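Descriptive analysis of the structure
So the chains spell out like this:
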Amino acid sequence: MTHDHPVATERAVSRPFGRLLTAMVTPFNADGSLDLDGAVRLANHLVDEQGNDALVLNGTTGESPTTTDAEKERLIRAVAEAIGDRARVVAGVGTNDTRHTIELAAAAEKAGAHGLLVVTPYYNKPPQSGLVRHFTAVADATGLPIMLYDIPHRAGVPIATETLVCLAEHGRIVAVKDAKGDLTATSWVTSRTELAYYSGEDSLTLPALAVGCVGVVGTSTHFTGALTKRMIEAYDAGDTGTALALHRRLLPLFTGVFRTQGTILVKAGLAAKGLPAGPVRPPLVDATDDEIAQLRADCAAAGLELP
């Protein structure tokens, strides 16, 4: 297979949202209602203790399928006010309805978000031309920078390389959360565009950096954030030995937090640490005792203590 496309060589690396982002869970009270005070506490912890440059709110890890539009807006407003200029807030606004996505984007911008995460429309499986139309319509309707979320195993449709190259021409489409698991495809897009690529799979962060990614939007980073950031910084500094050692150390948790749906184990781990989390909303189910014991073992294997 040959490629006749020009390949970029050297260029300044753009990190519009920093290096380390965590897809934050949404804390709930015991009755399942939104816990805004808990969300503020957790956000402050993730910024001040774990070193996050930005927080992604209202993503799948934030249980966006089961939070209302009003809850999403209140969460953005509370967290954005709490963390101020210490970190950025990226709001998940993607749905499989272009009109609804544009409404959520407008609400997020008004509530104080600094950027938007827009996932591939899921379930209705639009063709690539539909993806271009969808993402372009959202980008045209907002003043905020946009991170596309390419996650075909959830959405059912990948964002094709040529589609990403096309979308990169839009001034507000600046980044990609890459959960495609195809580093060859990633390599072609990072070589042909200025898009800032963020690994959407914790365990692929280090190899993704090698093909042009600039950081991670993580889930296990609720616990591994500070060390994951050190891994990225070590790689950036050319200290690949330290980066590899940290990757190998954290691998049990990079993968272990996904033994079941990631939100379930993150909330269980946060609760064990005395941090705000609360229950999950149906159809998710809270972690079992066995799952929590395994999470404890995975944390220990990564050299991180879970009470």
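Keep in mind the model is a prediction, meaning the values are calculated, not measured.

Definitions and limits used
- Residues numbered from 1 in each chain as written.
- Predicted model: local features only at pLDDT ≥ 70, side-chain atom pairs only at ≥ 80, totals over all residues.
- Heavy atoms only, no water.
- UniProt positions renumbered as here; feature names shortened; annotations may be inferred.
- Helix = DSSP H or I, 4+ residues; strand = E, 2+ residues; numbered from the N terminus.
- Buried < 20%, exposed > 50% of the residue type's maximum accessible area, 1.4 Å probe, protein only.
- Contact = heavy atoms within 4.5 Å.
- Phe/Tyr/Trp six-rings, centres within 6.5 Å; stacked < 30°, edge-to-face > 60°.
- Axes fitted to C-alpha atoms, helices over the stretch in contact; angles between N-to-C directions.
- Parallel < 35°, antiparallel > 145°, perpendicular 65-115°, else oblique.
- Left-handed = near helix turned anticlockwise from the far one by under 90°.
- Nonpolar A, V, L, I, M, F, W, Y, C, P; charged D, E, K, R; others polar.
- Salt bridge = Lys/Arg side-chain N within 4 Å of Asp/Glu carboxyl O.
- Pairing = 2+ DSSP bridges.
- Right-handed = clockwise from strand over helix to strand, strands pointing away.

Attention shifts here to the UniProt feature "active site" (unreviewed entry) in the protein. Those residues carrying the UniProt feature "active site" (unreviewed entry) are Tyr149 and Lys177 in this numbering. The largest pairwise C-alpha distance within this set of annotated residues, which runs over 29 residues, is 4.7 Å, so the set is compact in three dimensions. Tracing the sequence through the fold places Tyr149 in strand β5 (residues 146–150). Since its relative accessible area comes to 9%, Tyr149 is described here as buried. Sequence-distant contacts of Tyr149, that is, excluding residues within four places in its chain, are made with Leu117, Val118, Val119, Thr120, Ile159, Lys177 and Ala179. Structurally, Lys177 can be placed in strand β6 (residues 173–178).

It is worth spelling out the packing of aromatic side chains at this point. Tallying each qualifying case throughout the model produces one aromatic pair. Relative to Tyr198, the ring of Phe17 lies with its centre 6.4 Å away and its plane at 50°, an arrangement referred to as tilted. Highlighted residues: Phe17 in the segment before β1 (20–23) and Tyr198 in strand β7 (residues 196–199), separated in sequence by 181 residues. When sorted by exposure, Phe17 lands in the same class as Tyr198, which is buried.

With that settled, consider the packing of helix α1 (residues 36–48) against helix α2 (residues 69–83). With their axes 9 Å apart at the nearest point, α1 and α2 run at an angle of 45° to one another. The orientation of α1 relative to α2 falls into the category oblique. Remark: the crossing between α1 and α2 carries right-handed chirality. Note on element contacts: α2 touches α1 through Arg74, Leu75, Ala78, Val79, Ala82 and Ile83, opposite Leu36, Ala39, Val40, Ala43, Asn44 and Val47. Partitioning the contact of α1 with α2 into residue classes produces ten nonpolar, one polar and one charged.

Here we come to the pattern of salt bridges. Side chains bearing opposite charge may pair, as long as their charged atoms lie close to each other. Per the counting criterion, the structure on display carries ten salt bridges. Its salt-bridge partner being Glu73, residue Arg77 comes within 3.3 Å of it at the nearest N-O pair. Here Arg77 and its partner Glu73 are both found in helix α2, four residues apart, which amounts to about one turn of the helix.

What follows is about the pairing of β7. Alternating positions in β7 separate into two faces, Ala196 and Tyr198 on one and Tyr197 and Ser199 on the other, with burial throughout. Relative to β7, β6 runs parallel, the two being bridged by four bridges. In the strand pairing of β7, Asp178 is matched with Ser199. As a crossover connection, the stretch from β6 through helix α7 (residues 183–192) into β7 is right-handed. When β7 meets strand β8 (residues 215–218), the two strands line up parallel, connected through two bridges. Along β8, the bridge assignment pairs Ser199 with Val216. Traced from β7 through helix α8 (residues 205–210) to β8, the parallel crossover comes out right-handed.

Glancing now at the sheet that holds strand β2 (residues 54–57). Ordered in space as β1-β2-β3-β4-β5-β6-β7-β8, the eight strands form a closed barrel in which the pairing is parallel. The sheet shows a mean angle of 25° between the axes of neighbouring strands, direction not considered. In this sheet, β5 lies alongside strand β4 (residues 115–119) in parallel orientation, the contact comprising four bridges. Note on β5: the bridge partner recorded for Leu117 is Met147. Packing against the sheet, helix α9 (residues 221–236) makes contact with β1 and β8, and its axis sits at approximately 160° to β1.

Here the focus is the environment of Gly115. Here Gly115 shows up in strand β4. Note on Gly115: relative accessible area 0%, which makes it buried. Taking C-alpha positions, Gly115 is 17 Å from His100, a pair spaced 15 residues apart along the chain. When neighbours within four sequence positions are excluded, Gly115 is seen to be in contact with Phe17, Val89, Val90, Ala91, Leu144 and Pro145.

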